[in-house]
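# A look at the structure
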Amino acid sequence: MRTILPIIATIAFNFIVFTAFATADNWSQWRGPKWDSISHETDVPDSITAENQRWRIPLPGPGGASPIVWENQVFVTTTEGDNDGASMFLMCFGIDGELQWKKQLDGKNQNSRDSANSASPSPSTDGKHVWVMMSNGILHCFTVAGELVWKKDLQAEYGKFDIQFGMTSTPILDQGIIYLALIHGDMSSKTKTSVGHVIALDAATGDEKWYHKRLTDGVAENTHSYASPCIYRDEDRAFLITHGADFVIGHSLADGSELWRCGGFNPKGDSYNPYLRLVASPTPVEGMIVVPTAKRGPVLSLATSLSGDVTKNENSMHWQMDRGTPDVASPLIYDGLVYLGDEKGVLVCLDAKDGEILYQERLFASNHRSTPVAANGRIYITSRDGFVYVVKAGRKFELISKLDLKEETTSSPAISNGVVYIRTFNALYAFGE
């Protein structure tokens, strides 16, 4: 561990007040509207128990996509059945659990490793429209009433996907733009380097705003990335972040051009790992970006005033943890602490200022697959085998509750209107007082 730069700790919280609810957040996309997995609501349940389960709605098939919520509507994608070739759907429920509509999506399901399927990228909404892409790359735009507005076949426009476990990267929505990071290629070659596609689309029409060819020297399986893009924004700067092919890269929101890149977590040479494909996504908060890697590799805390190749520039980093990254779950940064869902079911808590490990506690024997979320001093965590844990936020470990849903899950929880929503392979749950 090493401390290099101070952390800017100030975070501005934006609250949206609705007449139908107390102070509430819309959970408009995976990890919430700021890609930080934090809800600023104060009326969320302190624990998740059988007693505060509001409802459980069976779903027609499994999926790894997280639910999203806007006011009184909950959107979730699903297959119908768990076989290859099954149909795929976007479903809309009311917050009472009643089905409002169900729309079939183009294409057929394709299963991949670890029970993953085409219902892996999560949808997003602005309260007027909802956008959804399954792993076949067909992007749909519906109104929140379920009327199709447009659709776009990304493989037809940008080339056939060549990725081992499916295109599970989630498109993100920001200020009327849909951003995509399609990082894939020939994994059989040890010499052919990575050519990724970073794309911005007009959310209203699906028309291309800009396209950027993302080049790195990553080879073999490292040309495949399952991480999702995100956006860093403060008063002085804003940029898109993509992660994969041995580099995390910052892009201009105006045209996609590269502003900075950082590598070094899979250096070339005899120790190069040709199978260090990236799944977990970076997490941005004001003043820092926490960057995971894979296969128990390093975790980086980057500064945000970056330019050019900062790989060997120590002033670009606040700290680095040399080993112990999450493999799938993205980091959570909450109240000055960093929480990492270790691959083996261990929750690791670090001081965000200097990366000091404060505790490491095993929660379960199965894998972390979903990203932890936070609200009102609580961390909500789900395990691959269906346990839901609530941990008190803080420098010392304190388990508040544990509930066994007895159903597999890989999606991340969503929090809105005082309710925690959890999607398992079998059902959609709502928990709240």
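Just so you know, the residues in each chain are numbered from 1, in the order the chain's sequence is written. Local features in this predicted model are restricted to residues of pLDDT 70 or higher, and side-chain atom pairs are both shown and tallied only at a pLDDT of 80 or more, whereas totals for entire chains, interfaces and linings draw on every residue. As a rule here, side-chain values cover all heavy atoms of the structure and leave hydrogens and water aside.

### Details of the nonpolar core
Heads up, the condition is: Throughout, nonpolar core names a set of buried Ala, Val, Leu, Ile, Met, Phe, Trp, Tyr and Cys residues whose side chains join them through atoms within 4.5 Å. When accessible area is computed with a 1.4 Å probe and restricted to protein chains, residues below 20% of their type maximum are described as buried, those above 50% as exposed, and intermediate ones as partly exposed. A run of H or I in DSSP becomes a helix once it reaches four residues, and a run of E becomes a strand once it reaches two; helices and strands are each numbered from the N terminus. Residue contacts follow a heavy-atom distance rule, with two residues in contact if any of their heavy atoms lie within 4.5 Å.
In terms of nonpolar packing, the biggest core is built from 30 residues, with I48, F93, Y380, I415 and Y421 touching the most fellow members. Only β2 (53–58), β4 (73–79), β5 (88–94), β28 (373–375), β30 (387–392), β32 (414–416), β33 (419–423) and β34 (427–431) provide two or more residues apiece to this core. Ignoring any residue separated from it by four or fewer positions in sequence, one finds I415 in contact with D25, W27, S39, E41, V44, V373, A374, A375, Y380 and V420. By size, the runner-up hydrophobic cluster in this structure holds 28 residues, among which are A200, I231, V248 and V310.

### As for the sheet that holds strand β20 (residues 288–291)
Keep this limit in mind: Two strands form a pair only when DSSP identifies at least two bridges running between them. Inter-axis angles, ranging from 0 to 180 degrees, are taken between N-to-C directions of lines fitted to C-alpha atoms, where helices are fitted over the stretch in contact.
The strand order across the open sheet formed by 4 strands is β19-β20-β21-β23, and the pairing between neighbours is antiparallel. Looking along the sheet, the strands with just one partner apiece sit at the ends: β19 (283–285) and β23 (317–321). Direction aside, the axes of adjacent strands within the sheet are offset by 10° on average. The pairing of β19 with β20 spans 3 bridges and is classified as antiparallel. Bridge pairing in β20 places V285 opposite M288.

### Quick word on the pattern of salt bridges
Counted only if it meets this: Basic side-chain nitrogens of Lys or Arg form a salt bridge, by our definition, when they fall within 4 Å of a carboxyl oxygen of Asp or Glu.
A full pass over the atoms with the stated rule returns 17 salt bridges. Note that D174 is salt-bridged to R233, the shortest N-O span being 2.8 Å. Of this pair, D174 sits in strand β11 (residues 172–174) while R233 sits in strand β15 (residues 230–233), placing them 59 residues apart in sequence. Relative accessible area serves as the criterion here: at 10%, D174 is assigned to the buried category. Given the relative accessible area of 35%, R233 is considered partly exposed. Each of D217, D246 and K268 takes part in a single network of salt bridges with overlapping partners.

### Some details on the sheet that holds β5
Within the open sheet, the 4 strands sit side by side as β3-β4-β5-β6. Their pairing is antiparallel. Bordering the open sheet on either side are β3 (68–70) and β6 (99–105), each of which pairs with just one other strand. Between one strand axis and the next, the sheet turns by 20° as a mean value, whatever way the strands run. Inspection of the sheet shows β5 paired to β6 by 6 bridges, in the antiparallel sense. What sits directly across from M88, in β6, is L105.

### Things to note about the side chain of T78
Operational definition: Here a polar contact is recorded for every N or O atom pair within 3.5 Å, except that within protein the pair must consist of a potential hydrogen donor and a potential acceptor, and residues adjacent in sequence are included only if both atoms are side-chain atoms.
Here T78 lies in strand β4. Overall, T78 belongs to the buried group, its relative accessible area being 0%. Looking at T78, its side chain comes within polar contact range of the main-chain oxygen of G61, at 2.9 Å. Of the polar contacts made by the side chain of T78, one reaches the side chain of R423; its length is 3.2 Å. For T78, the contacting residues outside a window of four places in its chain are L59, P60, G61, P62, S87, M88, F89, M91, A119, M134 and R423.

### Points about the pairing of β5
Burial within β5 is extensive, with 7 of its 7 residues counted as buried. By the alternation rule, side chains of β5 split into M88, L90, C92 and G94 and F89, M91 and F93, which are all buried. Where β5 hands over to β6, the hairpin turn is made up of 4 residues, of which G97 adopts a positive phi near 90°.

### A look at the pairing of β15
Note: β15 against strand β16 (residues 238–244), 4 bridges, orientation antiparallel. Within β16, the residue paired with R233 across the bridge is A238. A loop of 4 residues connects β15 with β16, the two strands running antiparallel in sequence.

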